[in-house]
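# Commentary on secondary and tertiary structure
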Amino acid sequence: MALSATHIIGIVLTVGLLLVIGILSGRRVKDARSFAIGGRGNSWMVCGIIMGTLVGGQSTIGTAQMAFCYGLSAWWFTIGAALGAALLALVYAIPLRRSGCVTLTEIIAREYGYTAEGIGSLLCMMGIFISIVSQVLASSAMMTSLSNIPMLWAAVLSAALIALFVFFGGIRSAGLGGLLKVALLYISSIAAAVIVWQLTGGIGNTYSALEEVCETPAVATLNDLGSADDIHQRYANLVGRGLLKDVGSGLSLALGVLATQTYAQGVWAARSYHQARRGVIGAALLVPVIGAACTLVGLYMRGHYITAEEHQAMLAAGEALPEGIGIIKNTAEVFPRFVLDCCPDWVGGIVIGTLFVTVLGGGSGLTLGAVTILVRNVFSHIRKKDGSYLDESKTLYRASIVVMVVMAFVVSQLSHRTLINDLGFLSLGLRATAILLPITAALFFPRRYERRSMTIAMIAGCAVMFIANSLSLPADPIYWGMGVELLIVGTAKLLKSKRFSTGS
């Protein structure tokens, strides 16, 4: 089914509304600091900032895609994100606000020096940048699945919209846009869940349809589903991919949230600690509901659609396509195809427009976080010809945004075959491994760990995490990365204590 005029109108109106909000809110930005942290908003503004980035392409399109492939374990993405937000509100919010900093790496600089800050900034920026690339890929996949636009031009348009969303209003644009997105996402999610329920008559019928499709010999062989027990284990089990794998994925999300600049900016943007905590807790409560709805959509689609690859396997085996089963090009089309085929046009227009807002708004929030680190922790140390340092300005922030999205576009073209979720987990794991341990130590255990060991631990932990990811070692790579960090810092602390004891 192709896009109708009603679909197109819904997309244009939704995306246009968010752009207008960004432009209008940008008029309230008076200086560089208010561009970065927003001018002290209330709890709703904080919730919008957090939700505006937490709920992106992975929480919606990626969750439905993973549910299509792995069932209930897809819910771990939003569960982990909610746990991270709860920890941010209940444990980290007060120390972060008391620090008086504007970036997470500034906290590292005060405790461990500029070398550790520079390394942490580069590693953290790399992690956030990977997520920006994943948002460009998610948006591009949506555009190509809904129309005949080439992937190249879809990526160009995606990158341009990400820049425009945040260009005019900084963090206030992300916050107000996030509030609008929360409302639209809930309307869209509830509508999608209600439609699935009406089409199937309940979760039991959804699983029955899923089992019938997965028991088809060619589909079962291609997906390593040898029996009904295999199907139930994969799709009806919250830890269907294995306890360590799925819990590790949730842990990566939770720790990644704590180590992400954009979410910390949400805390700093509030006018008080209480406003910050209420806003972040609100986001923690809202996110899993959206994940549950997107998981339900993925399960429904698994029972009513097969991929083009599965269809080719059926043809090769001489099997006929079951009656009433549709075909999608790839699993990234799960949510968009559901909207086109199963929703009324007027509902579909709102949902598609909201998904574009979701993906592009998430990318804009991540872009602002990365750019804030770049401007405050890298550019601010650059000397000009007169010996002074480069000043922060709105122009510098905005120029950096343009450069960042152009780079994301280029990298997306080089990695367009990579799974969106793979990039997301790598991004969050890298952020957590890079800076969470030194930040936590600086906030809660100041002056207890030496600079050299912490700096070495940051580098070694990220290197080991990349190796674990490349070699597909058991469990989630974050276990390996942060385990090495704790080992290095703990060993250095122990050796220092022994030297002190021996010297005394």
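Residues numbered from 1 in each chain as written. Predicted model: local features only at pLDDT ≥ 70, side-chain atom pairs only at ≥ 80, totals over all residues. Heavy atoms only, no water.

## Let's talk about the overall build of the protein chain
Check the secondary structure of the protein chain and you find 21 helices and two strands. In the protein chain, which comprises 504 residues, the share counted as buried stands at 59%. By sequence separation, contacts in the protein chain at least 24 residues apart represent 82% of the contacts at least 6 residues apart. About 20200 Å² of surface is accessible on the protein chain, with carbon and sulfur atoms providing 65% of the total. (Helix = DSSP H or I, 4+ residues; strand = E, 2+ residues; numbered from the N terminus. Buried < 20%, exposed > 50% of the residue type's maximum accessible area, 1.4 Å probe, protein only. Contact = heavy atoms within 4.5 Å. Areas by Shrake-Rupley, 256 points an atom, 1.4 Å probe, with all protein chains shown as cover.)

## Quick word on the pattern of salt bridges
One pass over the structure, following the stated rule, counts four salt bridges. Between Asp 246 and Arg 241 there is a salt bridge; the shortest N-O distance is 2.8 Å. The salt bridge partner of Arg 302 is Glu 310, with a shortest N-O separation of 2.9 Å. Taken individually, Arg 302 and Glu 310 each receive the classification buried, so the pair is uniform in this respect. (Salt bridge = Lys/Arg side-chain N within 4 Å of Asp/Glu carboxyl O.)

## So, the nonpolar core
Core analysis: the biggest nonpolar cluster contains 122 residues, and Leu 54, Leu 96 and Phe 338 have the highest contact counts within it. In terms of residue count, helix α6 (residues 104-146) provides more of this core than any other element does, 19 residues in total. Residue contacts for Leu 54: discarding those within four places in its chain leaves Ser 59, Ala 81, Ala 85, Val 257, Tyr 263 and Val 287. Formed by eight residues, the second largest nonpolar core is a distinct cluster that contains Leu 210, Ala 220, Tyr 235 and Leu 299. (Core = buried A, V, L, I, M, F, W, Y, C linked by side-chain atoms within 4.5 Å.)

## Structural notes on the side chain of Ser 427
Mapped onto the elements, Ser 427 comes out in helix α19 (residues 420-444). Those residues within four positions of Ser 427 in sequence are excluded, and the remaining contacts are Gly 127, Ile 128, Ile 130 and Ser 131.

## A word on a nonpolar patch on the surface
Nonpolar side chains collect at one region of the surface, where Leu 87, Leu 90, Val 91, Phe 444 and Phe 445 lie side by side and expose about 410 Å² of accessible area between them. Top element by residues in the nonpolar patch is helix α5 (residues 76-99). It accounts for three residues. (Patch = residues over 30% accessible without salt bridge, like charges linked within 9 Å, V, L, I, M, F, W, Y side chains within 5 Å.)

## Side note on helix α12 (residues 243-258)
The end-to-end C-alpha distance of α12 is 23 Å, a good match for the 22 Å that 16 residues give at a rise of 1.5 Å each. Among the residues of α12, those classed as buried are Asp 246, Gly 248, Ser 249, Gly 250, Ser 252, Leu 253, Ala 254, Leu 255, Gly 256, Val 257 and Leu 258. (Expected span 1.5 Å × (residues − 1).)

## Points about the environment of Gly 429
Turning to its location among the elements, Gly 429 is positioned in helix α19. Along the backbone, Gly 429 and Phe 466 are 37 residues apart, and their C-alpha atoms lie at a distance of 9.4 Å. Apart from the residues within four sequence positions on either side, Gly 429 is in contact with Met 465 and Ile 478.

## Things to note about the packing of aromatic side chains
Taken as a whole, this structure holds three aromatic pairs when the rule is applied. Ring centres of Tyr 92 and Phe 444 lie 5.4 Å apart, and the angle between their planes is 90°; on these two criteria the pair is classed as edge-to-face. Linking Tyr 92 in helix α5 with Phe 444 in helix α19, this pair joins segments that are 352 residues apart in sequence. In this structure Phe 444 comes out as partly exposed when scored by relative accessible area, which is 31%. On the basis of an interplanar angle of 75° and a centroid distance of 5.9 Å, the ring pair of Tyr 300 and Phe 338 is categorised as edge-to-face. Within this pair, whereas Tyr 300 is found in helix α14 (residues 273-302), its partner Phe 338 is found in helix α16 (residues 334-342), the two being separated by 38 residues in sequence. The same class applies to Tyr 300 as to Phe 338, namely buried. We note Arg 241 situated over the ring of Tyr 70; from NZ or CZ to the ring centre the distance is 5.7 Å. In this structure, Lys 493 packs its charged tip against the face of Tyr 449, placed 5.5 Å from the ring centre. (Phe/Tyr/Trp six-rings, centres within 6.5 Å; stacked < 30°, edge-to-face > 60°. Lys NZ or Arg CZ within 6 Å of the ring centre and 35° of its normal.)

## Concerning helix α13 (residues 261-269)
Of all nine residues that make up α13, nine are buried, and the element is covered over most of its length. Considered for burial, the residues of α13 that qualify are Gln 261, Thr 262, Tyr 263, Ala 264, Gln 265, Gly 266, Val 267, Trp 268 and Ala 269.

## A word on the packing of α5 against α14
In the contact formed by α5 and α14, the axes pass within 8 Å of each other and the chain directions differ by 175°. Judged by the inter-axis angle, α5 sits roughly antiparallel to α14. Where α5 abuts α14, its residues Thr 78, Ala 81, Ala 82, Ala 85, Ala 86, Leu 88, Ala 89, Leu 90, Ala 93, Ile 94 and Arg 97 lie against Tyr 273, Ala 276, Arg 277, Val 280, Ile 281, Ala 284, Val 287, Pro 288 and Gly 291. The class makeup of the residues in the contact of α5 with α14 is 16 nonpolar, two polar and two charged. (Axes fitted to C-alpha atoms, helices over the stretch in contact; angles between N-to-C directions. Parallel < 35°, antiparallel > 145°, perpendicular 65-115°, else oblique. Nonpolar A, V, L, I, M, F, W, Y, C, P; charged D, E, K, R; others polar.)

## Things to note about the confidence of the model for the protein chain
Per-residue confidence for the protein chain gives a mean pLDDT of 81, with 85% of residues at or over 70. For the protein chain, the element scoring lowest by mean pLDDT is helix α2 (residues 32-37), at 44; strand β1 (residues 305-307) scores highest, at 92. This stretch, residues 29-39, has a pLDDT under 50; its non-local contacts, to residues over four places away or in other chains, come to 34 contacts. In the model, residues 170-175 has pLDDT below 50 throughout and makes 24 contacts with residues more than four positions away in sequence or in other chains. (pLDDT = per-residue confidence, 0-100.)

## Section: the packing of helix α9 (residues 203-214) against α14
When two helices pack together, their arrangement is given by the angle between their axes and by how far apart the axes lie. For the pair α9 and α14, interaxial distance at closest approach is 7 Å and the crossing angle is 45°. Relative to α14, the element α9 is oriented oblique. Side by side, α9 and α14 meet where Ile 203, Thr 206, Tyr 207, Leu 210, Val 213 and Cys 214 of the first sit next to Leu 296, Leu 299, Tyr 300 and Arg 302 of the second.

## What about unusual backbone geometry?
The phi torsion at Asp 224 lies on the positive side, around 55°, for a residue other than glycine. Within the fold, Asp 224 resides in the loop between α10 (217-222) and α11 (228-235). In this model, Arg 447 sits at a positive phi of 60°, which is unusual for a non-glycine residue.

## Description of the environment of His 311
As for its position among the elements, His 311 is in helix α15 (residues 308-316). Contact partners of His 311, with chain neighbours within four places excluded, come to Ile 306, Leu 321 and Ile 327.

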